[in-house]
Amino acid sequence: PGLYITGLGEQYPKHKWTQDDYDREKHPLTKASVQKLLAINRLTGIKTRSSVHPPSYFLTESIENPPTIDHYGRVYKQHGIPLAIGACRKALLDAGLRPEDVTHIVAVTCTTSSNAGFDLYVAQALGLPSSIDRVLLHGVGCAGGLSAVRTAANIAAGATSRGKPARVLVFAIELCTIFLTAELARACDEKQAEADLSIGSTIFSDGAGALVLCNDIARQEDAAGGERGDAGKTVYELLDWGNDVLDKSLGEMSFEVDPHGFKLTLSKLVPAKAIAAIQPIFSRLRHSFTSTSPSPSSTSSPTSCQASPSPSPSPPPLLPSDCDWALHPGGITILKGAQSALQLTPHHLRASWDVYQNHGNSSSATVLVVLNRLRRMGEGRKDVAAVSFGPGLSVEMVTMRR
């Protein structure tokens, strides 16, 4: 399709929580449900998690009277928007572009629902044109990073059909840890926790990711410009993209507005269903890895003196192990399960493991960070499959070539 990722960036807050920090945070709470969360925390495999607040911050908040939803909206604007700005600036610098070069933005979040959308604040801070084409996605949860890439790809392909350049700035920012007090308050309500104990506070973190997606018209213009350094270079070529919603899974994962924040529902069936969804969508898209190679063709018709050309043998189907994987690290069960189901090694998932162990799961932003880390981890397999999961249950996949 002639679409390319030309720059990537990430931005994490300065604070990191260790497992010990998490344990100390909840030590005064003796409820059985909270103790269960402590045990789960020690099994997550996360070494440190990124947060906009130091662990001590949450000791000052009242579990009996947690903040209301309007408080979280203000915290998001104060701490989240600067993270998004930082990630976007890094992606633009990496792509060798100026803010005025950007033609579209596609933003995504699930940890705020304020209007005007946070993307407008980011666009103004970056100095993007006021007339820029904006799209803000919501309701897609952890799948959102690739939902935004898919949306950007369709926008850029549409610009190509109109003969116009497209330089789409894609960014995601999530502040998940700010809801910790509300999560603990629900856990302390043992009647509610017994029916629906949320483990979100044990795996989720804060962070931002961004990338620049260009069509071929923009890439050639930028390469010809000359004065902008790396403009026109490419990191990944997009080959294809798709999404699916699993049958009878609508209630397995949700993130609903609550008077005291957002309430996460995460069924025990989510990891198994997410893992099982990978192979079908990969089978649907893996043709894109081989169908982009030029194939010989003949415009002449065979004559009595000219034999018909023999058809070329079809290449064997691409296996998951033939690709590097940018898998959304939704949790250790998903990482280990996908690795086993797809017959992968830890090296195939090295970027996903790196982000998960050192930063945790930052919802929609995470897979963008994984793509950024992967390209910096030395020469790897030329084909890359990126996959993420969200409420619905939904699955997103993008196939790429280095």
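Let me sum up the structure you'll find in this document.

Basis of the calculations
- Throughout this description, residue numbers start from 1 for each chain and increase along the sequence as written.
- Given that this is a predicted model, residues contribute local features only at a pLDDT of at least 70 and side-chain atom pairs are listed and counted only at 80 or more, while totals for whole chains, interfaces and linings are drawn from all residues.
- Each side-chain value is worked out from all heavy atoms of the structure, with water and hydrogens disregarded.
- Should DSSP find at least two bridges between two strands, the strands are taken to pair.
- The way it works is that DSSP assigns letters per residue, a run of H or I at least four long becomes a helix, a run of E at least two long becomes a strand, and they are numbered from the N terminus.
- Comment: axis = line fitted to C-alpha atoms, over the contacting stretch for helices; angle = value between 0 and 180 degrees taken between N-to-C directions.
- The contact definition used throughout considers only heavy atoms, calling two residues in contact when any of these lie within 4.5 Å.
- Orientation labels follow simple angle bins: below 35 degrees gives roughly parallel, above 145 gives roughly antiparallel, 65 to 115 gives roughly perpendicular, and whatever is left gives oblique.
- The handedness criterion is simple: a crossing whose near helix is rotated anticlockwise from the far helix by less than a right angle is left-handed, and one whose near helix is rotated clockwise is right-handed.
- The salt bridge definition used is simple: a Lys or Arg side-chain nitrogen within 4 Å of an Asp or Glu carboxyl oxygen.
- Note on exposure labels: buried denotes an accessible area under 20% of the residue type's maximum, exposed denotes more than 50%, and partly exposed covers the range between, all computed with a 1.4 Å probe on protein chains only.
- Whether two aromatic rings pair depends on their centres lying within 6.5 Å, for rings of Phe, Tyr and Trp, where Trp uses its six-membered ring; planes under 30 degrees apart make the pair stacked, over 60 edge-to-face, and the rest tilted.
- Our definition puts a charge over a ring when NZ of Lys or CZ of Arg is within 6 Å of the ring centre and also within 35 degrees of the ring normal.

## Quick notes on the sheet that holds strand E4 (residues 104–108)
Part 1: Spatially, E5-E4-E6-E7-E1-E8-E13-E12-E11 is the arrangement adopted by the nine strands of the open sheet, whose pairing is mixed. Looking along the sheet, the strands with just one partner apiece sit at the ends: strand E5 (133–137) and strand E11 (324–327). For this sheet, the mean inter-axis angle between neighbouring strands, taken without regard to orientation, is 25°.
Part 2: Examined bridge by bridge, E11 and strand E12 (residues 383–390) share four bridges and lie parallel to one another. Bridge pairing in E12 places Leu327 opposite Val387.
Part 3: Those strands touched by helix H14 (residues 366–375) are strand E1 (3–11), strand E6 (167–175), strand E7 (206–215), strand E8 (236–245), E11, E12 and strand E13 (394–401), and its axis lies near 105° from that of E1.

## As for the packing of helix H3 (residues 69–95) against helix H4 (residues 118–126)
Part 1: Between H3 and H4, whose axes approach to 10 Å, the crossing angle comes to 55°. As summarised for this structure, H3 and H4 are arranged oblique, according to the angle between their axes. The element H3 and its partner H4 pack so that their crossing is right-handed. Residue-level contacts link Tyr76, Lys77, Ile81, Ala84, Ile85, Cys88 and Arg89 of H3 to Phe118, Tyr121, Val122, Ala125 and Leu126 of H4.

## Details of unusual backbone geometry
Part 1: Going from Asn115 to Ala116, the amide bond is cis rather than trans, its omega being 5°.
Part 2: Going from Gly392 to Leu393, the amide bond is cis rather than trans, its omega being -15°.
Part 3: If you trace the backbone, Leu393 turns up in the loop between E12 and E13.
Part 4: In this structure, Lys248 takes a positive phi of about 55° despite not being glycine.
Part 5: Structurally, Lys248 can be placed in the loop between E8 and strand E9 (253–258).
Part 6: A positive phi angle, near 60°, is found at Gln343, a position not held by glycine.

## Overview of the pattern of salt bridges
Part 1: Under the definition given, this model contains 18 salt bridges.
Part 2: When the shortest N-O distance is used, the salt bridge between Glu100 and Arg98 registers 3.7 Å.
Part 3: When its relative accessible area of 36% is taken as the criterion, Arg98 is described as partly exposed.
Part 4: Overlapping salt bridges bring together Asp324, Arg350, Arg381 and Arg402 as one network.

## So, the packing of aromatic side chains
Part 1: This structure, assessed with the given rule, holds eight aromatic pairs.
Part 2: Between Phe179 and Phe262 the ring centres are 5.4 Å apart and the planes differ by 75°, which places this aromatic pair in the edge-to-face class. Here the residue Phe179 occupies a position in the loop between E6 and helix H6 (180–188), and Phe262 occupies one in strand E10 (residues 261–266), the gap between them amounting to 83 residues.
Part 3: A relative accessible area of 2% places Phe179 in the buried class.
Part 4: Assessed through its relative accessible area of 4%, Phe262 is described here as buried.
Part 5: Taken together, the aromatic side chains of Tyr72, Phe179, Phe255 and Phe262 make up a single cluster linked through ring pairs.
Part 6: If you follow Arg219 out to its NZ or CZ, it ends over the ring of Tyr4, 4.3 Å from the centre.

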